[in-house]
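Observations on chain architecture
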Amino acid sequence: QLRHMLLTLERPLAVFDLKTTGTRIGRDRIVQIGIIRLAPDGARERYQTLVNPGIPIPAEATAVHGISDLDVAMAPRLEDVATEILGQLAGCDLAGFNVIRFDVPFLMEELFRVGHTWDIDQVRIVDAQRIYHRMERRDLSAAVKFFLGREHVGAHDALADVEATTDVLLAQLERYAELPHDIGGLGEFSGDRDRTPDAAGKLRFNEKGEVCLGFGKYMNWPLEQIGRNDPGYLQWLMTKAELPGSTLAVMRGVLARLED
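I will try to describe carefully the structure that is included in this document. Since the model is a prediction, treat every value here as computed from it, not as a measurement.

Some details on the overall build of the chain
Of the regular secondary structure elements, the chain holds 11 helices and 7 strands. Here the C-alpha atoms of the chain give a radius of gyration of 19 Å, agreeing with the 18 Å that 2.2 N^0.38 yields for 260 residues. Here the C-alpha coordinates of the chain stretch approximately 60 × 45 × 30 Å along the principal axes. Here the chain holds 260 residues, and the buried ones make up 52% of them. On the chain, roughly 12300 Å² of surface is accessible, and the fraction owed to carbon and sulfur atoms is 49%. The chain carries 30 positive and 39 negative side-chain charges, and their two centres are separated by 4 Å.

Right, here's the structure in full:
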């Protein structure tokens, strides 16, 4: 509770972690997700579920996280819990360990695969791994030892990892006085605007946080500006160009806000 007072929250912060069949976004599947919602008043709400991936879990993946085909045999499919997961993340900024490079795009692509659009281009993301690597350059277990003075018991279990990540993030704020204490500042420090808004990397953010095209004659132009100046080109992109479905979903979300 005392540590949490170092973190300025305007809305809940959802710290989450995925365990998967592998690291190939769009091909591998989720087998477990753990989420902690850190409320502005310091309260924590916990959520975890196993997920049946519908494909065999490779032995090398099981060796990392300990989840086997037998463990998920009776677990729900992602399509059965997607709405529940989105509800846990709704209205939240995001945080995690290596979440910008892996967990966010992986979950975005998987949710889209089962028919759900996850609109997060207005969300700030804090990556405790990037803060840690910029400050100390070690992994999560070492971070727990360094910042919390204890061993990371239960490493590679999704909920245990997000519990540790949450505590490490708050301990980082306690240790490094130069770190910003608001989510926008921490997201900036984490480089969350260096990520791409879509899993395929066809779009990008500019310095104002606007979603821009990452290719073609209007490369680096905000989508809203393209929509105003050359709506025919944007229409062609969204109907004729062979863009991934999740990229198109992000583009539609941006343009829908333009129409409001």
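Regarding the environment of M219
Note on placement: M219 falls in the loop between strand 7 (211-213) and helix 9 (223-229). Considering only alpha carbons, one finds M219 and R204, 15 residues apart in sequence, at a separation of 9.5 Å.

Considerations on the pattern of salt bridges
Tallied over the full model, the rule gives 15 salt bridges. Across the salt bridge formed by D230 and K217, the nearest N and O atoms sit 3.8 Å from each other. Placement of the pair is D230 in the loop between helix 9 and helix 10 (231-239) and K217 in the loop between strand 7 and helix 9, with a sequence separation of 13 residues. Using a relative accessible area of 59% as the deciding quantity, one classes K217 as exposed. Overlapping salt bridges, with partners in common, bring together R44, R46, R150, E163 and D167 in one network.

Some thoughts on the packing of helix 3 (residues 78-89) against helix 4 (residues 99-113)
One can describe the packing of helix 3 onto helix 4 by two numbers: an axis separation of 10 Å at closest approach and a directional angle of 130°. When the axes of helix 3 and helix 4 are compared, the pair comes out oblique. With respect to the hand of their crossing, helix 3 and helix 4 are arranged in left-handed fashion. Facing helix 3, whose interface residues are L78, A82, L86 and L89, helix 4 presents L107, E110, L111 and R113. For the contact of helix 3 with helix 4, the class distribution of residues is 6 nonpolar, no polar and 2 charged.

Considerations on the side chain of E110
Assignment of secondary structure puts E110 in helix 4. Those residues in contact with E110, other than ones at most four positions away along the chain, are D28, R29, I30 and L78.

Things to note about the packing of aromatic side chains
Taken as a whole and assessed by the stated rule, the structure comprises 8 aromatic pairs. Relative to W118, the ring of F16 lies with its centre 6.3 Å away and its plane at 75°, an arrangement referred to as edge-to-face. Residue F16 is found in strand 1 (residues 13-20), and its partner W118 is found in the loop between helix 4 and strand 5 (125-127); the two are separated by 102 residues along the sequence. Pair check on accessibility: F16 and W118 agree, each one buried. Between Y218 and Y233, the aromatic rings sit 5.1 Å apart at their centres with planes inclined by 70°, giving edge-to-face as the arrangement.

A look at unusual backbone geometry
Positive phi is not limited to glycine here, since N98 has a value of about 70°. With respect to the secondary-structure elements, N98 resides in the loop between strand 4 (93-96) and helix 4. A relative accessible area of 15% places N98 in the buried class. Located in the positive-phi region is N220, a residue other than glycine, with phi close to 75°.

Re the packing of helix 6 (residues 140-148) against helix 7 (residues 158-175)
Helix-helix packing is characterised by the crossing angle of the two axes and by the distance between the axes. With their axes 9 Å apart at the nearest point, helix 6 and helix 7 run at an angle of 45° to one another. It follows that helix 6 is oblique to helix 7 by the angle criterion. Considering how the two elements wind past one another, helix 6 and helix 7 form a crossing that is left-handed. Mapping the contact onto sequence places L140, A143, V144, F146, F147 and L148 in helix 6 and D161, A164, T165, D167, V168, A171, Q172 and R175 in helix 7. Taken together, the residues that form the contact of helix 6 with helix 7 break down as 9 nonpolar, 2 polar and 3 charged.

Some points on the side chain of K19
For K19, the position within the fold is in strand 1. Discounting chain neighbours no more than four positions away, the residues touching K19 are R29, I30, V31, Q32, H65, I67, H156, D157, A158 and D161.

Thoughts on the sheet that holds strand 4
Pairing within the open sheet is mixed, and its 5 strands lie in the order 3-2-1-4-5. The sheet terminates laterally at strand 3 (44-50) and strand 5, the two strands that pair on one side only. The sheet shows a mean angle of 20° between the axes of neighbouring strands, direction not considered. Note that strand 1 and strand 4 share 3 bridges and pair parallel. Following the sheet pairing, A14 is matched in strand 4 by L94. Against the sheet, helix 5 (residues 128-135) engages strand 4 and strand 5, with an angle of about 45° to strand 5. Most of the contacts of helix 8 (residues 183-190) go to strand 5, to which it runs at about 55°, and overall it touches strand 1, strand 4 and strand 5.

Each value, and the rule that gives it
Residues numbered from 1 in each chain as written. Predicted model: local features only at pLDDT ≥ 70, side-chain atom pairs only at ≥ 80, totals over all residues. Heavy atoms only, no water. Helix = DSSP H or I, 4+ residues; strand = E, 2+ residues; numbered from the N terminus. Rg over C-alpha atoms; globule rule 2.2 N^0.38 Å. Buried < 20%, exposed > 50% of the residue type's maximum accessible area, 1.4 Å probe, protein only. Areas by Shrake-Rupley, 256 points an atom, 1.4 Å probe, with all protein chains shown as cover. Lys, Arg positive; Asp, Glu negative; His and termini not counted. Charge placed at Lys NZ, Arg CZ, Asp CG, Glu CD. Salt bridge = Lys/Arg side-chain N within 4 Å of Asp/Glu carboxyl O. Axes fitted to C-alpha atoms, helices over the stretch in contact; angles between N-to-C directions. Parallel < 35°, antiparallel > 145°, perpendicular 65-115°, else oblique. Left-handed = near helix turned anticlockwise from the far one by under 90°. Contact = heavy atoms within 4.5 Å. Nonpolar A, V, L, I, M, F, W, Y, C, P; charged D, E, K, R; others polar. Phe/Tyr/Trp six-rings, centres within 6.5 Å; stacked < 30°, edge-to-face > 60°. Pairing = 2+ DSSP bridges.

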